[in-house]
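What follows is the residue order along each chain.
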Amino acid sequence: MGRTANPATRDGLMEAAFDLVRAKGLAATSVDEICAAASVSKGAFFHHFKSKEQLAAAAADHWSETTGRMFEAAPYHDADDPLDRVLGYIAFRAQLIDGAPQAFTCFVGTMVQEAYATSPAVQAACWNSISGHAERLVEDIEAAVARYGIDADWSARSLALHTQAVLQGAFILAKASGEPEAARDTVHHLKRYVELLFGRTGRA
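This is a predicted model, so every value here is computed, not measured.

Across its full length, the chain carries 10 helices and 0 strands. The C-alpha extent of the chain, read off along each of the three principal axes, is 65 × 40 × 30 Å. When burial is assessed residue by residue, the chain has 45% of its 204 residues classed as buried. When contacts within the chain are restricted to residue pairs at least 6 apart in sequence, long-range pairs at least 24 apart make up 70% of them.

Dropping the structure here:
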């Protein structure tokens, strides 16, 4: 009878990958390093995953679940006005930008920059994660469009995806400059842009 897989070990391997990939990139992160960071044997790694690529794709899904719980619990959901919820989401993202880039940048955004042309499985998993996160904003954006009577030539989904594009770009600026402030400034500009789209000007 085969050995029973330990879900905690599987999760630990994926979470070790979160930190290492954000710090070093996917290609530079080895299976040995992931095992050492998770305090598990290489045999345990291959009991759960056939390859680093399979781990990376699974970890993208795990990243979505882990970060999704954090965003679902965030206080911006309590606002009555749907636009305040959207703006609150953006402000919350700005608050998370602190410390070294590997502490606040996106695991899936980092991976897909490397693997989009070499690993269809990782590319698809990263797209599912990023687009799935954007989908969480669509309902509030649609409600804000209705509430503010916006005659938009854009869709709620396109704006939701734009927020993710700006956030990923902000992370690249932080990595390139070594300054978290570069990312925070970019996210603040995103907030101002959304306010302008909805005619929300002159308010804090």
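With that settled, consider empty space enclosed by the protein. What the rule picks out here adds up to 2 cavities of 30 Å³ or more. For the largest cavity, the calculated volume is near 90 Å³. For the largest cavity, the full set of lining residues is Phe-71, Glu-72, Tyr-76, His-77, Arg-85, Val-86, Tyr-89, His-133, Arg-136, Leu-137 and Asp-140. Only helix H4 (52-72), helix H5 (82-95) and helix H8 (120-148) provide two or more residues apiece to the lining of the largest cavity. Counting residues per element, the lining of the largest cavity draws most heavily on H8, which supplies 4 residues. Residue composition of the lining of the largest cavity, by class: 5 nonpolar, 2 polar and 4 charged. Considering only enclosed or pocket space, the second largest cavity measures out at about 30 Å³ in volume. Lining the second largest cavity are Ala-17, Val-21, Leu-26, Ile-34, Lys-52, Leu-55, Ala-56, Ala-59, Phe-107 and Met-111. Contributions of two or more residues to the lining of the second largest cavity are made by helix H1 (7-24), H4 and helix H7 (107-115). Tallied by class, the residues present in the lining of the second largest cavity amount to 9 nonpolar, no polar and 1 charged.

With that out of the way, let us pick up the packing of aromatic side chains. Counting across every chain of the model gives 12 aromatic pairs. On the numbers, 5.6 Å between centres and 80° between planes, the contact of Phe-71 with Phe-92 is edge-to-face. A residue pair is termed long-range when its members are at least 10 positions apart, and Phe-71 in helix H4 and Phe-92 in helix H5 qualify at 21 residues. The pair formed by Phe-71 and Phe-92 is uniform in burial state, with each residue classed as buried. With a centroid separation of 6.2 Å and an interplanar angle of 75°, the aromatic rings of Tyr-148 and Phe-198 are classed as edge-to-face.

Definitions and cut-offs
Numbers given for residues are sequential positions, taken from 1 along each chain in its written order. Only residues with pLDDT of at least 70 get local features here, since the model is predicted, and only at 80 or more are side-chain atom pairs given and counted; chain-wide, interface and lining totals rely on the full set of residues. Each side-chain value is worked out from all heavy atoms of the structure, with water and hydrogens disregarded. Only DSSP runs of H or I covering at least 4 residues are called helices, and only runs of E covering at least 2 are called strands; the numbering of each starts at the N terminus. For the exposure calls, accessible area comes from a 1.4 Å probe over protein chains only, and a residue counts as buried if that area is under 20% of its type's maximum, exposed if over 50%, partly exposed in between. Contact between two residues is taken to exist if any of their heavy atoms lie within 4.5 Å; hydrogens are not considered. Both site types are read off a 1 Å grid over the protein atoms alone. A 1.4 Å probe that fits but cannot get out defines a cavity, while an open set with protein on both sides within 12 Å along at least five of seven lines defines a pocket; lining residues have an atom within 4 Å of a point. Grid points are joined across faces, edges and corners, and a volume is the space filled by probe spheres set on the points. We call Asp, Glu, Lys and Arg charged. Ala, Val, Leu, Ile, Met, Phe, Trp, Tyr, Cys and Pro are nonpolar, and the rest, Gly among them, are polar. In this analysis, rings of Phe, Tyr and Trp, with Trp reduced to its six-membered ring, are considered paired at centre separations within 6.5 Å, and the interplanar angle assigns stacked below 30 degrees, edge-to-face beyond 60, and tilted for intermediate values.

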